[in-house]
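Now for the letters of each chain:
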Amino acid sequence: MSNQVIPANQLRAPEEKTGAMGTAFFKLEDAVRWARTKSMWPLLFGLACCAIEMMATFASHYDLARFGMEVYRASPRQADLMMVAGRVSRKMAPVVRQLYDQMPEPKWVIAMGDCASCGGVYNNYAILQGVDEIIPVDVYISGCPPRPEALMYGILQLHEKIKHGEPRGQIRIENWGLRG
Amino acid sequence: MAIATPLSETTTLRVGDPVTRLREKFGDKILAVSEFRGETTLQVAREILPDAARALRDELAFDQCVDVTALDWHLQAKNAPNPHELLFNDSPLSDIEPPARFQVLYHFLSHAANARVRLTVLLQEDDAVAPTLTDVYRGVNFFEREVYDLMGVRFEGHPFLQRILLPQTQVGHPLRKDFALGYEPVEFTHNIEQIEARKVKNVPPARPRQAIFEVDGGTTEVPIGGGLTATIHERFDDSANETMLINMGPHHPSTHGVLRVGLQTAGEKIIGAMPDIGYLHTGIEKNMEYKTYTKAITLTDRMDYLAPLSNNLGFCLAVEKLMQVDVPERAQILRVLLGEVTRIASHLVAIGTNAMDIGAVSMFTYAFREREYAMDIFEMVSGARMMTSYFRVGGCALDVPMGFSDQVREFVRMMYGRIKEYRALLDKNPIWEERTIGVGAYTRADALQLGLTGPMLRATGVNWDLRLAQSYSGYETYDFEAPYNTRSDTGDIYELYRLKLLEMEQSLRIIEQALERLRKTGGPVMTTNRKVAPPPKQELQQSMESLIHHFKLWTEGFKPPVGFVYQAIESPRGELGYLISSDGTNKPHRVHVRTPSFANLQILSHIAPGYSISDLVGLIAMTDIVLGDVDR
């Protein structure tokens, strides 16, 4: 039974329950990457308006738990994904950087919304023109604020990126939207 | 501390009274009196300012100083006529040579007389010092610090005149006209190397350099290492017990954003708490000076992001007051209707997060479930879930789509039932009761002194709602009441929760009436004043004049007359006031926003001592602050 490969359409419920689902072959790094996408722990970290949409995303209606991402960690030392949700002021910038430094490797960053991506409508003395001035960003999500669906799409793009094993922290603006 | 007459006693003060009374008392120290758009402004000599304020408080029942702000009349920035001559044309102001640069404005509100009055002092550039009013109204503490931070006017005698919004390392005062906006040119390129070269260029130091906490009253400075100092209230300085200083925030799940609180604790017990704000300071007020009036509306959304439509409304009403524009009936109804939906959505988040912070997580998921329906309504009318920018000067952006009324009616019907669910969940919940009843109790005297407004003030038994008292957008014609605490003059977390639920029910009543009126009232939703609102598309092909109006409005916008107005509305959090000063050009000379969260936050350092840290998260939630609203 154990080494026999069963076609998917012949799987039966009792066998699924016992976990006897045959054998699959992976490269170890692929398996690790796949596993990483399935239980990301985002940092519970909101800055401004986008944080409200982020809350709406993991609240009842949109339910981010479907993607295995509902365990928001308040401590950066337990998180591996930072969603910069909102505008980053120059007073806040050192704090954001410190939080990023405290997160263990591997870690990823999503710039949620226009302000975190490029400064948005505020090009002035107080606001950083994009959080990528201080930390590397993996995925940029446009919108002011992005809809919850857009945030989910951005997260799925990040999953794709991790599965494909692109070097972490390298900013690939030109192709993130084309994949998937 | 003297608190003005009890609010139950109605006095027979008239609006003109403060002028006569202050004139009698101070004679020629009252330099000028002006009346503009129904607002009384008294220009007083700097030295009598505290006495005048004290007279207003003790003799004339002006029990709140709601706002302090300053204008910079530095004329370098724009080619404007000298506003002094136009504003106070019958005043001896022209005698002052050279014209004063700074004008500090104090807005006073009397609940008993239902009146407002504004005092103003003019300050020269090289002597920009005003006496502080913190001895008279403690609530001006934050406001004066803000003026100092952003405008550079110093207040003599202020207990803790430090920067409040900007980092301590900031150079200059950004709202001065000779301070540049700080525009950073961004070159658009598809060259990936150039893009990469721009990234991660200025890594800031790993730690915030300096932070200073303060609790008003007598203070003791405590250095806590790493460049951090804290100043602690003497009242709680108990040298017999060892105390520690704890930093809470700006990254903390329960501070509702990027609030930072410096805490002095003895064990788990808090003995001193001081909010440190400004981590979300966005420079919106400065940015508005560089946008036309219509474009500035988009920035108002992003201040109080839980009640964007209230912000739109406040701004539009202020500009309409300045320009004396009439709004069509249908637009008024829509404004009321959507304003109340906003109030419900905002209170849902307030109650949901408050309950979650205390441990009732299911309340949070329920609240966000219902909030989605409100978001759907906003999306239906404006296309955006949160940042609607739906109200425009002169009316609304466009008429509501088909099916709007049905959707709102469904929302109302559902909400009545859902509010019952919330009551069943929390009203008699023993854990909730234990954690909230009597927790964070504050008195009416504190609330008035500290400038609290909205539900925070009504929880102390003050029957005051701007929708009823100083009505706007036709609220006076609706049948509703503003719930307030009738049992005592002390507010606590439970009382605020109770009032918010009642307010939501009253909002539903208003929405029902507005729906009924909307059905009966047709017509345009935008004013027909072509100097303010662009003509409809079909007119453009018929009339040359319409084409010109269209072109002028979209290229340079409208130009309100010279002057400044203050318009306050009842946002879900309290009095949201817009002071708009125009120099006759198409962009505002200054927009100041009196945000309710900013004033309401001041209560925190007064109620926190004595409670444990786990209660503090409930207290922060009780003040219902939105950090975008606090920091702007």
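Criteria and cut-off values
Residues numbered from 1 in each chain as written. Chains lettered and ligands numbered in written order. Predicted model: local features only at pLDDT ≥ 70, side-chain atom pairs only at ≥ 80, totals over all residues. Heavy atoms only, no water. Helix = DSSP H or I, 4+ residues; strand = E, 2+ residues; numbered from the N terminus. Contact = heavy atoms within 4.5 Å. Pairing = 2+ DSSP bridges. Axes fitted to C-alpha atoms, helices over the stretch in contact; angles between N-to-C directions. Buried area = accessible area lost by both parts, 1.4 Å probe. Salt bridge = Lys/Arg side-chain N within 4 Å of Asp/Glu carboxyl O. Polar contact = N/O pair within 3.5 Å; in protein donor to acceptor, adjacent residues only side chain to side chain. Nonpolar A, V, L, I, M, F, W, Y, C, P; charged D, E, K, R; others polar. Disulfide = S-S within 2.5 Å. Phe/Tyr/Trp six-rings, centres within 6.5 Å; stacked < 30°, edge-to-face > 60°. Buried < 20%, exposed > 50% of the residue type's maximum accessible area, 1.4 Å probe, protein only. Lys NZ or Arg CZ within 6 Å of the ring centre and 35° of its normal.

1. Notes on the environment of B:Gly574
Alright, step 1. Turning to its location among the elements, B:Gly574 is positioned in strand E19 (residues 574-582).
Alright, step 2. Not counting the four nearest positions on each side in its chain, B:Gly574 is found in contact with B:Thr453, B:Gly454, B:Pro455, B:Ile569 and B:Pro596.

2. Regarding the sheet that holds E19(B)
All names here are of chain B.
Alright, step 1. With antiparallel pairing, the three strands of this open sheet are ordered in space as E18-E19-E20. Since the sheet does not close on itself, it has two edges, and those belong to strand E18 (563-571) and strand E20 (588-594), each with one partner. For this sheet, the mean angle separating the axes of adjacent strands, direction not counted, is 15 degrees.
Alright, step 2. Sheet analysis places E19 next to E20, joined by six bridges and oriented antiparallel. The residue of E20 that forms the bridge with Ser-582 is Pro-588.

3. Brief notes about the interface of chain A and chain B
Alright, step 1. Facing 50 residues of chain A, the contacting portion of chain B comprises 56 residues.
Alright, step 2. Taken over both partners, the interface formed by chain A and chain B buries close to 4,600 Å², and the fraction arising from carbon and sulfur atoms is 62%.
Alright, step 3. With a shortest N-O distance of 2.7 Å, B:Arg385 and A:Glu53 are connected by a salt bridge.
Alright, step 4. Our enumeration of links across chain A and chain B arrives at 15 residue pairs in polar contact (both at pLDDT 80 or more).
Alright, step 5. For the side of chain A that touches chain B, the secondary structure elements donating two or more residues are helix H3 (49-58), helix H4 (93-102) and helix H7 (173-176) of chain A.
Alright, step 6. Considered class by class, the residues forming the side of chain A that touches chain B number 33 nonpolar, eight polar and nine charged.

4. A closer look at the state of the cysteines
Alright, step 1. For the structure shown, the criterion picks out zero disulfides over all chains.
Alright, step 2. For A:Cys144, which is in no disulfide, the shortest distance to another cysteine sulfur is to A:Cys115 and amounts to 5.3 Å.
Alright, step 3. Not part of a disulfide, B:Cys316 finds its nearest cysteine sulfur in B:Cys396, a span of 8.5 Å.

5. Side note on the packing of aromatic side chains
Alright, step 1. Applying the stated rule across the entire model yields 14 aromatic pairs over all chains.
Alright, step 2. Between the aromatic rings of B:Phe315 and B:Tyr578, the centroid separation amounts to 5.8 Å while the plane-to-plane angle is 80 degrees, which identifies the pairing as edge-to-face. Of this pair, B:Phe315 sits in helix H8 (residues 308-323) while B:Tyr578 is found in strand E19, placing the two residues 263 residues apart along the sequence.
Alright, step 3. Of the residues examined, B:Phe315 reaches a relative accessible area of 0% and is grouped as buried.
Alright, step 4. According to the relative accessible area criterion, B:Tyr578 is buried, its value standing at 0%.
Alright, step 5. Judged by centre distance (5.2 Å) and plane angle (75 degrees), the rings of B:Trp432 and B:Tyr497 are edge-to-face. Residue B:Trp432 is found in helix H12 (residues 430-436), and its partner B:Tyr497 is found in helix H16 (residues 493-520); the two are separated by 65 residues along the sequence. Summarising the burial analysis for this pair, B:Trp432 and B:Tyr497 share the class buried.
Alright, step 6. Members of the aromatic cluster, connected to one another through ring pairs, are A:Phe58, A:Tyr72, B:Phe364 and B:Phe368.
Alright, step 7. The side chain of A:Arg73 reaches across the aromatic face of A:Trp41, ending 5.0 Å from its centre.
Alright, step 8. Over the ring of B:Tyr279 we find A:Lys91, and its NZ or CZ is 4.9 Å from the ring centre.

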